[in-house]
Amino acid sequence: MSVPEELHYTEEHEWVDARDTGNVRIGITEYAQDQLGDVVFVDLPEVGKELSVGEVFGEVESTKSVSELFAPMAGQVAAINEAVSESPDLINDDPYGSGWLIEITPADASSTAGLLNAEAYTRLISD
Amino acid sequence: MSTPSPLHEVHSELGASFTDFAGWSMPVRYSSELAEHRAVRESAGLFDLSHMAEIEVRGPQAADMLDYAFVGNLATVKVGRARYSVLCNTAGGVLDDLVTYRLEEDLYLVVANAANAEVVATALTDRSAGFDVEVTNRSADYALIAVQGPASADIVRAVSDADLDSLRYYASMPATIDGVDLLLARTGYTGEDGFELYCAPAQARQVWDALSAAGQEYGLLPAGLACRDTLRLEAGMPLYGHELTEYLTPFDAGLGRLVKFEKASDFVGRDALAARSEAVAQRVLVGLAGSGRRAPRSGYPVVGPDGGESIGEVTSGALSPTLGYPIGMAYVPVEYSDVGTELSVDVRGKSLPVEVVALPFYRRS
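Residues numbered from 1 in each chain as written. Chains lettered and ligands numbered in written order. Predicted model: local features only at pLDDT ≥ 70, side-chain atom pairs only at ≥ 80, totals over all residues. Heavy atoms only, no water.

**Q** Sorry, what's going on with the overall build of chain A here?
**A** Of the regular secondary structure elements, chain A holds four helices and nine strands. For chain A, the α and β elements follow one another from N to C terminus as β-β-β-α-β-β-β-β-β-α-α-β-α. Taken over the C-alpha trace, chain A has a radius of gyration of 13 Å; the compact-globule value for 127 residues is 14 Å, and the two agree within 12%. When its C-alpha atoms are laid out on the principal axes, chain A stretches across 35 × 35 × 25 Å. (Helix = DSSP H or I, 4+ residues; strand = E, 2+ residues; numbered from the N terminus. Rg over C-alpha atoms; globule rule 2.2 N^0.38 Å.)

Next up, the structure:
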């Protein structure tokens, strides 16, 4: 199960990528998409929405289950991936790439500090 | 610890994800349940259903005993044919829905849902009292493999000498595949033509591999329980624990036609079901169809045309892989059950408009 070294992770199986723009990009991990099965619907927030840490910002539905998406940090939604709304299967095919979900402008610059690194996340999913 | 299927090793080799189902560890999907669903609709899928329970009823009074035990008419089933029926309690509540094969004049094989294996075995044993029959739970002696889809007949024909033209729907015959003796039945739970093969667990791998190899050129895929559920839902088939429970009668579930009052014998549940058949239905099972991509799911409230309070509950639902829109089954009051009635489903706080539609959602052409 791929867990890219350069990303940060949450216990809710999301990945967080701190971009050069100062925004962070968020998606679900390969492990998460594998557990869900084929994703058939994604509900994403409006651009501009303010999120507090831990707030539910959307949902990912597979044929068998629904998973809520949680904001890994406080911030404002800067972009959403329109392509996954059209083709939710991008989340299965390329969870760390074209299957990304949203970008947030974090309220706090050191917002990734409390997140898991790749090693800790790998431990989490192998338990 | 859940029981592995006799085919566990082959599933692992194929990279299956497993789920615990009624005490069994069974493949939920191999790679993509949508691709597996499509394969069954367009070519064929190969399923391991070894979790299903097989109970043998043997003896000179087997037919009489089953007529007493079931609401249907089992004595009129010809040797080599099968019948879908329902086992009820004395209150008319459904204990299980099952397929029964008449293998010989005095030998029937009852196939029960895995979750109800014990309930059915116990009920049949109890109900056999006073009849000259022997009820034996043979579940451990059978693996069950299904090949389902429009190409399934070609695939089975390629590996067996069975005369499939004479094997009608809901019929069975002894057959041999790759040297393995088995029971070949033309039954299924997908809404497609298909076969179910009962064989010894130790030989299941051989049968699976033979079908798998023969299916390659047709695009056959191994298929898990996830797509089995969406396939049966599209075909409008009930699933025990969802559309059927011990608190619902066959009449509630739209299966009243299975209750044969005209048969001569008494049967368990007769009085309660006779009363129920004459009463005005309170709730009935309906099909619901919506638009968009958000699925109604089991347990979600159904709301009436004027909004407000919940009037019923979704029993099964999904975004239909074949149709591309959300479908579901639900129990609603009879006044809201006409085809075309506009209702809505409360999907986690958001209202999904739906319309009552006729079942099944999908019928093979």
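**Q** What's the story with the UniProt feature "domain: Lipoyl-binding" (unreviewed entry) in chain A in this structure? I'm lost.
**A** Look at the UniProt record and you will see "domain: Lipoyl-binding" (unreviewed entry) annotated at residues 23-105 of chain A. In this annotation, residues 23-105 of chain A is assigned 20% helix and 41% strand; the end-to-end C-alpha distance for the span is 5 Å. (UniProt positions renumbered as here; feature names shortened; annotations may be inferred.)

**Q** Please clarify how the interface of chain B and chain A should be interpreted in this entry.
**A** Interface size is often expressed as the accessible area that is lost when the parts come together. On the chain A side, the residues contacting the 16 residues of chain B number 16 residues. Buried area between chain B and chain A, summed over both chains or domains, comes out near 1400 Å², and the portion from carbon and sulfur atoms is 40%. A per-residue breakdown of the area chain B buries against chain A is headed by Arg293, Arg297 and Arg348 of chain B, which together make up 37% of the total. For the interface between chain B and chain A, the tally reads seven salt bridges. Between Glu59 of chain A and Arg294 of chain B there is a salt bridge; the shortest N-O distance is 3.2 Å. Breaking the side of chain B that touches chain A down by element, the ones donating at least two residues are helix H2 (33-42) and helix H7 (225-234) of chain B. Among the elements that make up the side of chain B that touches chain A, the one with the highest residue count is H2 of chain B (three residues). Residues belonging to the side of chain B that touches chain A are distributed by class as follows: six nonpolar, two polar and eight charged. (Contact = heavy atoms within 4.5 Å. Buried area = accessible area lost by both parts, 1.4 Å probe. Salt bridge = Lys/Arg side-chain N within 4 Å of Asp/Glu carboxyl O. Nonpolar A, V, L, I, M, F, W, Y, C, P; charged D, E, K, R; others polar.)

**Q** Could you clarify how one ought to interpret the sheet that holds strand S19 (residues 342-347) of chain B in this entry?
**A** Adjacent strands of a sheet form backbone hydrogen bonds with each other and so pair up, either parallel or antiparallel. Residues and elements named next belong to chain B. If you walk around this closed barrel you meet the six strands as S15-S18-S17-S16-S19-S20, and the pairing is antiparallel. Here the strands of the sheet are splayed against their neighbours by 45° on average, with no regard to which way each runs. Here strand S15 (residues 283-290) runs beside strand S20 (residues 350-357); their pairing, made up of four bridges, is antiparallel. Residue pairing in the sheet places Gly290 in a bridge with Val354 of S20. Packing of H7 onto the sheet brings it into contact with strand S17 (310-319) and strand S18 (326-333), and relative to S17 it is tilted by some 120°. (Pairing = 2+ DSSP bridges. Axes fitted to C-alpha atoms, helices over the stretch in contact; angles between N-to-C directions.)

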